[in-house]
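Structural overview for review
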Amino acid sequence: MLRLKPVFIIAALAAFLATGAAVARENPSVTATGTGHAEVAPDIAVLRFGVTARHTAVAAARDEVASGVGRLIELARSFGLDDEHISSAALNVRPDTSWNPETRTQEHRGFVVSRQLSFKLTDISRLGELTERALELGVTEASPAMFDTSRREALEMEALAAAAQDARARAGATAAALDARVGKPVRLEVGGAFRPPQPMLRAAMAEADGMGGAETYEPGLIRVEATVNATFELQH
């Protein structure tokens with residue numbers, strides 16, 4: 001098998017870029033920036049919960065947290081989540097203190113033990129139900145769900161292709177105004193952004209309509225954006 005040395009590869013790449021730059025300087029060119037986007041409804045939701053306990057003894061607080069974490073894991077499994085979609089952070093232990101204004105000292109009251117869990121839900125139609133059930137189990141912390149899509153890479157390609165086509169169309173319009181036409185691209189710069197949806201929990205409206213909380217989650221759409229800055233040869 002032919003193996004190219006890194007130095008040779010770097011030198012060849014530098015020569016190619018220098019040639020492209022020289023062509024852009026010597027030949028007339030036109031530069032345009034195109035934008036593109038793709039949207040899709042999310043099909044993945046990541047939920048994060050926390051269980052915290054306070055006791056004078058570390059062991060008692062740890063046991064209470066372990067019991068709460070165990071109940072949450074069983075709940076996740078009952079919703080069909082595989083163990084690979086359930087993760088937990090390390091146990092966190094810290095002193096529980098309070099300020100005594102009379103003695104102007106910190107008084108030790110015991111210990112605070114906490115642990116974080118995250119669930120990856122691939123059936124987001126059950127998001128509200130799972131969240132409600134977790135809250136019923138007594139979790140002490142529930143972060144807003146983070147949404148994603150299993151089609152993220154495909155969306156990025158769609159947005160990038162749309163941005164490239166837009167850049168060429170804009171360059172073509174500029175060239176046509178100058179009685180010219182665009183040729184092959186000689187320089188490209190790409191960029192992009194992933195914008196998760198902004199979900200809404202319409203609690204007040206749900207209460208007025210007599211709907212359950214599990215029916216009021218509206219995750220919105222995931223939007224992937226791309227930009228392409230392209231320089232084309234200008235042909236007359």
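Our subject is the structure that appears above.
A short tour of the structure in this document, coming up. (Residues numbered from 1 in each chain as written. Predicted model: local features only at pLDDT ≥ 70, side-chain atom pairs only at ≥ 80, totals over all residues. Heavy atoms only, no water.)

**Some details on the nonpolar core**
Within the largest apolar cluster, 24 residues are counted, with the highest numbers of intra-cluster contacts made by Phe 49, Leu 72, Leu 81, Phe 119, Leu 127 and Leu 130. Contributing elements (two or more residues each) for this core: strand E2 (44-55), helix H2 (58-78), strand E5 (105-121), helix H3 (127-136) and strand E6 (141-148). For this core, the leading source of residues is H2, giving 6 residues. Discounting chain neighbours no more than four positions away, the residues touching Leu 81 are Ala 76, Ile 86, Phe 119, Lys 120 and Leu 121. Membership of the second largest hydrophobic core comes to 19 residues, among which are Ala 32, Val 224, Val 228 and Leu 234. (Core = buried A, V, L, I, M, F, W, Y, C linked by side-chain atoms within 4.5 Å. Buried < 20%, exposed > 50% of the residue type's maximum accessible area, 1.4 Å probe, protein only. Helix = DSSP H or I, 4+ residues; strand = E, 2+ residues; numbered from the N terminus. Contact = heavy atoms within 4.5 Å.)

**Considerations on the environment of Asp 166**
Note that Asp 166 resides in helix H4 (residues 152-177). Sequence spacing of Asp 166 and Asn 229 is 63 residues, and the spatial spacing of their C-alpha atoms is 10.0 Å. Those residues in contact with Asp 166 that sit more than four places away from it in its chain are Thr 33, Gly 34 and Thr 35.

**Observations concerning the sheet that holds strand E1 (residues 29-40)**
Working definition: the strands of a sheet are paired by backbone hydrogen bonds and lie parallel or antiparallel to each other. The 3 strands are arranged E1-E10-E7 in an open sheet whose pairing can be described as antiparallel. In this open sheet, the two edge strands, each paired with only one partner strand, are E1 and strand E7 (181-195). Averaged over all pairs of adjacent strands, the angle between strand axes in this sheet comes to 20°, irrespective of strand direction. When E1 meets strand E10 (residues 222-235), the two strands line up antiparallel, connected through 12 bridges. (Pairing = 2+ DSSP bridges. Axes fitted to C-alpha atoms, helices over the stretch in contact; angles between N-to-C directions.)

**Topic: unusual backbone geometry**
Even without glycine at this site, Arg 104 takes up a positive phi of about 55°. Locating Arg 104 in the fold gives a position in the loop between strand E4 (92-100) and E5. The class for Arg 104 is exposed, based on a relative accessible area of 62%. For Asp 179, which is not glycine, the phi torsion reads 55° and is therefore positive. Among the secondary structure elements, Asp 179 is positioned in the loop between H4 and E7. Given the relative accessible area of 70%, Asp 179 is considered exposed.

**A word on the pattern of salt bridges**
As enumerated under the stated definition, the model contains 13 salt bridges in all. A salt bridge links Arg 62 to Asp 63; the nearest nitrogen and oxygen atoms lie 3.8 Å apart. Arg 62 sits in the partly exposed class, given a relative accessible area of 39%. A salt bridge links Glu 225 to Arg 223; its shortest N-O distance comes to 2.8 Å. Judged by relative accessible area, Glu 225 falls into the partly exposed class, the value being 23%. On the basis of relative accessible area, Arg 223 is assigned to the partly exposed category, the value being 26%. Ionic contacts of the salt-bridge type, sharing partners, join the residues Glu 39, Arg 195, Arg 223 and Glu 225 into one network. (Salt bridge = Lys/Arg side-chain N within 4 Å of Asp/Glu carboxyl O.)

**Here we look at the environment of Phe 111**
Note on placement: Phe 111 falls in strand E5. Separated by 51 residues in sequence, Phe 111 and Ala 60 place their C-alpha atoms 9.4 Å apart. Beyond its immediate sequence surroundings of up to four residues, Phe 111 is in contact with Ala 53, Arg 54, His 55, Thr 56, Ala 57, Val 58, Ala 61, Val 93, Arg 94, Pro 95 and Asp 96.

**So, the environment of Pro 196**
When you line up the elements, Pro 196 lands in the loop between E7 and strand E8 (200-201). By relative accessible area, which is 35% here, Pro 196 ends up partly exposed. In this structure, the C-alpha to C-alpha distance between Pro 196 and Val 224, residues 28 residues apart in sequence, is 8.5 Å. The contact partners of Pro 196, leaving out residues within four places of it in the chain, are Phe 147 and Leu 221.

**Structural notes on the side chain of Thr 149**
Position of Thr 149 relative to the elements: it lies in the loop between E6 and H4. Here the side chain of Thr 149 touches Arg 151 through a polar contact of 3.0 Å, landing on its backbone nitrogen. (Polar contact = N/O pair within 3.5 Å; in protein donor to acceptor, adjacent residues only side chain to side chain.)

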